[in-house]
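One letter stands for each residue in the lines below.
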Amino acid sequence: MLAILEYDFMRRAFIVGILLAAIIPCIGIIVVLKRLSMIGDALSHTSLAGVAAGLIIGINPILGAVVTCIVAAFGIELIRKRIPKYAEMSIAIVMSAGIGLAGVLSGFVKNNANFNSFLFGSIVAISDFELILVACISCIVLLTFILLYKELFFISLDERAARLAGIPVGPINFIFTILTAVTVSIAARTVGALIVSSLMVVPVACAMQVGKSYFQTVVYSILFAILFTVSGLFISYYARLKPGGTIVLIGVICLVLLLAGKKILTLFRQSPGQA
Amino acid sequence: MNLIEVNDLTFSYGSEPVLYNVNFSVAKGDFLALIGSNGTGKSTLLRLLLRELTPASGTIRLFGEDIHHFKDWPKIGYVPQVGLRSVNDFPATVEEIVRANLFSQIGLFRFPQKEHFAKTQQALEMVGMEQYAKRMIGNLSGGQQQRVLLARVLVNDPELMFLDEPTSGVDANTVTSLYTLLGELNKKTGLTVVMVTHDLGRAARQVHRTLCLEEGTLVELDKAQVDEELRHKHKHPDRQCRLMAE
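These remarks concern the structure in this document. (Residues numbered from 1 in each chain as written. Chains lettered and ligands numbered in written order. Predicted model: local features only at pLDDT ≥ 70, side-chain atom pairs only at ≥ 80, totals over all residues. Heavy atoms only, no water.)

When its secondary structure is counted, chain A shows 12 helices and zero strands. Its helices and strands taken in sequence order, chain A reads α-α-α-α-α-α-α-α-α-α-α-α from the N to the C terminus. The globule rule puts the C-alpha radius of gyration for 275 residues at 19 Å, and the 19 Å found for chain A is close to it. With respect to the principal axes defined by its C-alpha atoms, chain A has extents near 70 × 55 × 30 Å. Put simply, of all contacts in chain A between residues at least 6 apart along the chain, 74% involve residues at least 24 apart. With an accessible surface of roughly 12,400 Å², chain A has 73% of that area assigned to carbon and sulfur atoms. Computed over 19 positive and 10 negative side-chain charges, the separation of the two mean positions in chain A equals 7 Å. (Helix = DSSP H or I, 4+ residues; strand = E, 2+ residues; numbered from the N terminus. Rg over C-alpha atoms; globule rule 2.2 N^0.38 Å. Contact = heavy atoms within 4.5 Å. Areas by Shrake-Rupley, 256 points an atom, 1.4 Å probe, with all protein chains shown as cover. Lys, Arg positive; Asp, Glu negative; His and termini not counted. Charge placed at Lys NZ, Arg CZ, Asp CG, Glu CD.)

What follows is the structure, encoded as structure tokens:
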């Protein structure tokens, strides 16, 4: 066995990392295609308020984050409906409120190290409870995503046409909002609240460069996320880096390479014709 | 039976009135063009017919039923004005996009079966796009994308189709072939078509009836008025429905 896998905390980190890498892109692809990429950022930052509240009142901070994220997600939807012409403002309002609340509440947290671990994540410090929570939520998110695959696809493509086709757009958006909030809050624990939205967006952006259909884009997004997570954990372990940041940086480097490779390929294909 | 009946419909955005006492009906098999200058409320009227907006007063009946109680939305197809922009960067193949509209036939929590793949193929054949089934939608031209959106509506066997400026951003030759295709569908399948257009000149050959919306009022133009309208439009492309203003 590899030395890295001899440690229990690393085995847990790999299990949790791979589970999250499987579900985050499922949420990420819909968020990206609905042009709501910043929602991940707003929710993850708001989750910090729940983390602080959880630490203050003595409940599991992840549960606090989940509750805050759900409230924030519906807050965004509510504001979006009230001011549809400036929908993006809703994300900024909720994010500011979340950060403000987190900032105030963090002053009352006795163990600051625990709170700070949510900023940049601590995938190697996962408890038994958190492992079970991640496993259960991952199963629910994956199953829901598979069952609502065609509905979510159509809603993100054209919400009006989806409604006309008989899709219950409201209830499905409601379910998706909860899934997003829950996924973001548990992911914040592993990769950190500050970079969770990158993990939602970067694998999807990479997959969109190589996918030849929606199905392929979904599959590649998951594969890219797993690749970034596994390689990020290995590199961070041996190079003594922060795992969350390493995972995201590997993703961004991969995206830059893919974009550059695609550009070079395009130029290479064009050049014989021009000659 | 009239598929659409609109009576004394009035609508305003806040204090800004858009439609006043609009009355019209659309019978099964009609091919109707809705024309008018920019900002006269053509798209608003379509949104009212799709129940996305609520009128200040008046009634709308679809398939004989009051719009508030109407549930059979899959009978209605809609090709949007912004369709091209919304699909342009979407990472999906042509067949995935067309098959999406088979939801009402597949059902919630179910997956497409062989017959749904066959229906998708048939819809693409109807618009002459079957050879592009596996292509990414973003790699197609504007005209081809609009045909795909048409196939997406047709795959669901609609009885009534709304099109909101379906030829915007499409080259002249493609516009003519799209209108011809719509005309053929109308004749062969009895599909009822209600189309918002700025391009009555090219559509006139296929269209049975022309309604003109100007300053919030709707008037039906007869053949001579349509010809006059086309002559006028040719001289003043920014103004429509000259006859109504006089």
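Back to the write-up after that little detour.
Take the pairing of strand 6 (residues 76-79) of chain B next. Residues and elements named next belong to chain B. Residues Ile76 and Tyr78 point to one face of strand 6 and Gly77 and Val79 to the other, with burial holding for every one of them. In terms of strand pairing, strand 6 meets strand 7 (residues 160-164) through four bridges, oriented parallel. Across the sheet, the residue bridging to Ile76 is Leu160, located in strand 7. (Buried < 20%, exposed > 50% of the residue type's maximum accessible area, 1.4 Å probe, protein only. Pairing = 2+ DSSP bridges.)

Looking now at the state of the cysteines. All names here are of chain A. By the definition in use, this model includes zero disulfides over all chains. Free of any disulfide, Cys69 has its nearest neighbouring cysteine sulfur in Cys26, separated by 18 Å. Unpaired in this structure, Cys206 has its nearest cysteine sulfur neighbour in Cys254, at a distance of 4.4 Å. (Disulfide = S-S within 2.5 Å.)

Glancing now at the sheet that holds strand 1 (residues 2-13) of chain B. Residues and elements named next belong to chain B. Reading across from one edge, 2-1-4-5 is the order of the four strands in this open sheet, with antiparallel pairing throughout. Edge positions in the sheet fall to strand 2 (16-27) and strand 5 (65-66), since each has one partner strand and no second. Judged from the five bridges that link them, strand 1 and strand 4 (residues 57-62) form a sheet pairing that is antiparallel. Pairing of Asn7 across the sheet is with Thr59, part of strand 4.

Every contact between the two is made by 30 residues of chain B and, on the other side, 29 residues of chain A. Across the interface of chain B and chain A, roughly 2,500 Å² is buried in total on both sides, 64% from carbon and sulfur atoms. Its largest share of buried area at the contact with chain A, chain B owes to Phe90, Pro91 and Phe103 of chain B, together 25% of the area lost on that side. Put simply, chain B and chain A have three salt bridges between them. The shortest N-O distance in the salt bridge between Glu52 of chain B and Arg163 of chain A comes to 3.6 Å. (Buried area = accessible area lost by both parts, 1.4 Å probe. Salt bridge = Lys/Arg side-chain N within 4 Å of Asp/Glu carboxyl O.)

With that settled, consider the environment of Lys242 of chain A. All names here are of chain A. Note on placement: Lys242 falls in the loop between helix 11 (214-239) and helix 12 (243-274). For Lys242, a relative accessible area of 58% translates into the label exposed. Sequence separation between Lys242 and Ile123 is 119 residues; the distance between their C-alpha atoms is 9.3 Å.

So, on to the packing of aromatic side chains. Scanning the entire structure with this criterion turns up 14 aromatic pairs over all chains. Considering the side-chain rings of Tyr7 of chain A and Tyr237 of chain A, the 6.2 Å spacing of their centres and the 50° angle between planes classify their relative orientation as tilted. Of this pair, Tyr7 of chain A sits in the segment before helix 1 (8-33) while Tyr237 of chain A sits in helix 11, and the two are 230 residues apart along the sequence. Measuring from ring centre to ring centre gives 6.4 Å for Tyr214 of chain A and Phe90 of chain B, while their planes differ by 20°; the resulting arrangement is stacked. Of this pair, Tyr214 of chain A sits in helix 11 while Phe90 of chain B is found in the loop between helix 2 (83-88) and helix 3 (94-99), placing the two residues in two different chains. Among the residues examined, Tyr214 of chain A registers a relative accessible area of 1% and is labelled buried. Relative accessible area serves as the criterion here: at 4%, Phe90 of chain B is assigned to the buried category. (Phe/Tyr/Trp six-rings, centres within 6.5 Å; stacked < 30°, edge-to-face > 60°.)

Across all of its chains, the model carries 13 salt bridges over all chains by this definition. With a shortest N-O distance of 2.5 Å, Glu52 of chain B and Arg160 of chain A are connected by a salt bridge. In this pair, Glu52 of chain B is assigned in the loop between helix 1 (42-49) and strand 4 and Arg160 of chain A in helix 8 (residues 159-164), connecting two distinct chains. Judged by its relative accessible area of 24%, Glu52 of chain B falls in the partly exposed class. Residue Arg160 of chain A is classed as partly exposed on the basis of its relative accessible area of 23%. Within this structure, Asp8, Arg11, Arg12 and Asp128 of chain A form a network of salt bridges that share partners.

Attention shifts here to the packing of helix 7 (residues 149-157) of chain A against helix 9 (residues 169-191) of chain A. All names here are of chain A. Between helix 7 and helix 9, the least distance of the axes is 11 Å, while the angle of their chain directions is 100°. Comparing their axes, helix 9 and helix 7 come out roughly perpendicular. Mapping the contact onto sequence places Glu151, Leu152 and Ile155 in helix 7 and Val169, Ile172, Asn173 and Phe176 in helix 9. Each residue belonging to the contact of helix 7 with helix 9 can be placed in one class, and the counts come to five nonpolar, one polar and one charged. (Axes fitted to C-alpha atoms, helices over the stretch in contact; angles between N-to-C directions. Parallel < 35°, antiparallel > 145°, perpendicular 65-115°, else oblique. Nonpolar A, V, L, I, M, F, W, Y, C, P; charged D, E, K, R; others polar.)

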